[in-house]
Amino acid sequence: MFDLVPTQSLDNARAKGSDLSSVHHDVFDCAVYEEFASFEPVPVEAVTTDPNGVVEMQPMKYHALQNTRTNQVADVTPFNLDTYNLTPHAELMREQSGILAGSGLRDYLENVEVCDRVYEQGLRVHRTIYFHDLVDRSLTRTGTQDVSRCRLDIFNSVDKSWTLQVFSGAYRDLCRNTLVFGGSKAYHQKAKHTKNMNTGALITKGVLGLEMWDNQRDTMQAYRDTGMTEKQFNDVLIDSGLIDKVGKVAENNDELKVNQKKLATLLDLYGKETRELGHTMWAAFNALTHWSTHLPDANKGGRIEKKQLDKSIAVRDLVQSNAWLNYAGMVVA
């Protein structure tokens, strides 16, 4: 499978068994994924025989994966396109490159190291981008200085064996099973390949983590160091005015004088973020960022851009409110 075509990152590609890796310096170069990890869904049919011995092909609602380069069908469990979000590797990496080019990290893209890894003949992939001009200096347990490069990592699969995972931070070691870190993590999120998965929101939050790392390190560190329980996040949401006091009011219950649907959504997002980031203001901030960038109901009326702008303004107002800043100890009103 891995006979190489000498173009850009493919020049550096090295194969070992069914796995392949390539190190290059261009975030826009997705040739490795296009050449060795490109799949498309193909319909599955069942072979049936009627009582007269006539063989027929009966279409099913399931699909298999076909390698677009070799035309071979991959040995994976068939899936239903109505429920499974097939995210092509090259498409995902191009989306990440576009988000980086439009972010505050665009000036750092000239000095990067890109490590592309392809596993199991392209069914699973892992891309790491090291930013050589962004480093984190911290002290080890022995008191010596330790330097870690900032990096972005994406794990993806097309056979449902891996969830989509996005990491960002400055850390030394990240095992392939994503369970071991050495350093400081700015962002980590995972999502199953369902129809509601928003790859852009996940990538944007990973990039935002490094932007804050670069531009507001003290603020971000304060968020990570400051604990915040679900009840405290609940109170900040209400006191800041982000949860507007509208909707049906339950008799003799002041706690229900708020938009319960919006509050429940944000608290659910906060709970998911705490699994990786702990009960901290940083988990709360990531929940707010996800809420402002993920628009599951955007097509139910109105423009997507207007809805996203309204949510972004709401989050901006919250993190500038006394309810948020006083909690972090950043102002004394």
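All values derive from a computational prediction rather than experimental measurement. (Residues numbered from 1 in each chain as written. Predicted model: local features only at pLDDT ≥ 70, side-chain atom pairs only at ≥ 80, totals over all residues. Heavy atoms only, no water.)

**Student:** I keep staring at the overall build of the chain and nothing clicks. Help me out?
**Tutor:** Of the regular secondary structure elements, the chain holds nine helices and 10 strands. Burial status across the chain gives 46% buried among its 333 residues. Of the contacts made within the chain by residues no fewer than 6 positions apart, 54% connect residues no fewer than 24 positions apart. When the accessible area of the chain is evaluated, it comes to approximately 17,300 Å², of which 47% is carbon and sulfur surface. (Helix = DSSP H or I, 4+ residues; strand = E, 2+ residues; numbered from the N terminus. Buried < 20%, exposed > 50% of the residue type's maximum accessible area, 1.4 Å probe, protein only. Contact = heavy atoms within 4.5 Å. Areas by Shrake-Rupley, 256 points an atom, 1.4 Å probe, with all protein chains shown as cover.)

**Student:** I keep staring at the sheet that holds strand β5 (residues 79-80) and nothing clicks. Help me out?
**Tutor:** Two strands in a sheet stick together by hydrogen bonds in their backbones, pointing the same way (parallel) or opposite ways (antiparallel). Taken in spatial order, the three strands make up an open sheet running β3-β4-β5, and their pairing is antiparallel. Strand pairing shows two members of the sheet lacking a second neighbour, β3 (39-49) and β5, which therefore form its edges. One ladder, built from two bridges, connects strand β4 (residues 55-67) with β5; its direction is antiparallel. Counterpart to Tyr-62 in the pairing with β5 is Asn-80. (Pairing = 2+ DSSP bridges.)

**Student:** I would appreciate a short explanation of helix α5 (residues 230-240) in the present structure.
**Tutor:** Residues three or four positions apart in an α-helix share a direction because the helix packs 3.6 residues into each turn. The complete set of buried residues in α5 reads Phe-233, Asn-234, Val-236 and Leu-237. Projected down its long axis, α5 shows its buried positions confined to an angular sector of 165°, all on one face. Along α5, exposed side chains directed more than 90 degrees from the buried face belong to Lys-231 and Asp-239. Note on α5: the residue one or two positions beyond its end, Gly-241, has a positive phi of about 95°. (Arc of directions from axis to C-beta.)

**Student:** Even after reading the chapter, I still don't get a nonpolar patch on the surface, so can you show me in this structure?
**Tutor:** Taken together, the side chains of Val-47, Val-55 and Met-57 define a hydrophobic patch exposed on the protein surface, amounting to about 290 Å² of accessible area. Tracing the chain through its elements places Met-57 in strand β4. (Patch = residues over 30% accessible without salt bridge, like charges linked within 9 Å, V, L, I, M, F, W, Y side chains within 5 Å. Salt bridge = Lys/Arg side-chain N within 4 Å of Asp/Glu carboxyl O.)

**Student:** Would you mind going over the environment of Asp-239 with me for this structure?
**Tutor:** Take Asp-239: it is sitting in helix α5. It is 8.8 Å that separates the C-alpha atoms of Asp-239 and Trp-324, two residues lying 85 residues apart in sequence.

**Student:** I keep staring at helix α6 (residues 260-277) and nothing clicks. Help me out?
**Tutor:** For α6, built from 18 residues, the straight-helix expectation of 26 Å at 1.5 Å per residue is met to within 8% by its first-to-last C-alpha distance of 25 Å. Among the residues trailing α6, Gly-278 stands out with phi positive, at a value near 75°. (Expected span 1.5 Å × (residues − 1).)

**Student:** Can you walk me through unusual backbone geometry in this structure?
**Tutor:** Unlike most non-glycine residues, Gln-121 shows phi in positive territory, near 55°. Of note, Gln-121 is situated in the loop between β6 (112-119) and β7 (124-139). Its identity as a non-glycine residue notwithstanding, Lys-160 has a phi of 70°, on the positive side. Residue position: Lys-160 is located in the loop between β8 (145-157) and β9 (164-174).

**Student:** Please explain the pairing of strand β2 (residues 19-24) as it appears in this structure.
**Tutor:** In regular strands, side chains alternate between the two faces of the sheet. Side chains Leu-20, Ser-22 and His-24 of β2 all project onto a buried face; the interleaved residues Asp-19, Ser-21 and Val-23 project onto a face where none is buried. Two elements, strand β1 (residues 14-16) and β2, share three bridges in a ladder whose sense is antiparallel. Considered in β2, the bridge of Arg-14 is made with Ser-21. Counting the residues that bridge the hairpin from β1 to β2 gives two residues, and of these Gly-17 lies at a positive phi of roughly 65°. Where β2 meets β6, five bridges bridge the pair, whose relative direction is antiparallel. Bridge pairing links Leu-20 to Val-118 in β6.

**Student:** Would you mind going over the packing of aromatic side chains with me for this structure?
**Tutor:** We describe a pair of aromatic rings using the distance from one ring centre to the other and the angle between the two ring planes. Considering all chains together, one arrives at eight aromatic pairs under this definition. Between Tyr-223 and Phe-285, the ring centres sit 5.6 Å apart and the planes meet at 40°, which makes this aromatic pair tilted. In this pair, Tyr-223 is assigned in helix α4 (residues 217-225) and Phe-285 in helix α7 (residues 281-293), connecting sequence segments 62 residues apart. Phe-285 gets classed as buried once you look at its relative accessible area, which sits at 11%. Here the aromatic residues Tyr-119, Phe-155, Trp-162 and Phe-167 are joined through ring pairs into a cluster of three or more. Just above the ring of Trp-162 sits the side chain of Arg-124; from NZ or CZ to the centre is 5.3 Å. Over the ring of Tyr-84 we find Lys-160, and its NZ or CZ is 5.6 Å from the ring centre. (Phe/Tyr/Trp six-rings, centres within 6.5 Å; stacked < 30°, edge-to-face > 60°. Lys NZ or Arg CZ within 6 Å of the ring centre and 35° of its normal.)

**Student:** For this particular structure, what's the right way to read the side chain of Thr-128?
**Tutor:** Following the sequence through the fold, Thr-128 ends up in strand β7. Within the structure, Thr-128 has its side chain in polar contact with the side chain of Arg-117 (distance 3.0 Å). Within the structure, the side chain of Thr-128 is placed 3.1 Å from the side chain of His-126, a separation counted as a polar contact. With residues near it in sequence (within four places) discarded, Thr-128 still touches Glu-113, Val-114, Cys-115, Arg-117, Arg-151, Leu-152 and Asp-153. (Polar contact = N/O pair within 3.5 Å; in protein donor to acceptor, adjacent residues only side chain to side chain.)

**Student:** Before we go on, may I ask you to explain the side chain of Ser-9 in this structure?
**Tutor:** The residue Ser-9 is located in the segment before β1 in this model. Ser-9 gets classed as buried once you look at its relative accessible area, which sits at 0%. Not counting the four nearest positions on each side in its chain, Ser-9 is found in contact with Ser-22, His-24, Asp-29, Ala-31 and Val-32.

**Student:** What should I look at first to understand the pattern of salt bridges in this one?
**Tutor:** Think of it this way: side chains of opposite charge can pair up when their charged atoms draw near. For the coordinates displayed, the defined rule picks out 10 salt bridges. Taking the shortest distance from any N to any O, the salt bridge between Asp-159 and Arg-124 comes out at 4.0 Å. With a gap of 35 residues between them, Asp-159 in the loop between β8 and β9 and Arg-124 in strand β7 connect regions that are remote in the sequence. With respect to burial, Asp-159 and Arg-124 carry one shared label: buried. Asp-317 is the partner of Arg-316 in a salt bridge, and the nearest nitrogen-oxygen pair spans 3.2 Å. With relative accessibility at 44%, the residue Arg-316 sits in the partly exposed group. On the accessibility criterion, Asp-317 (39% relative accessible area) is partly exposed. When salt bridges with common partners are traced through the structure, they connect Glu-120, Arg-124 and Asp-159 into a single cluster.

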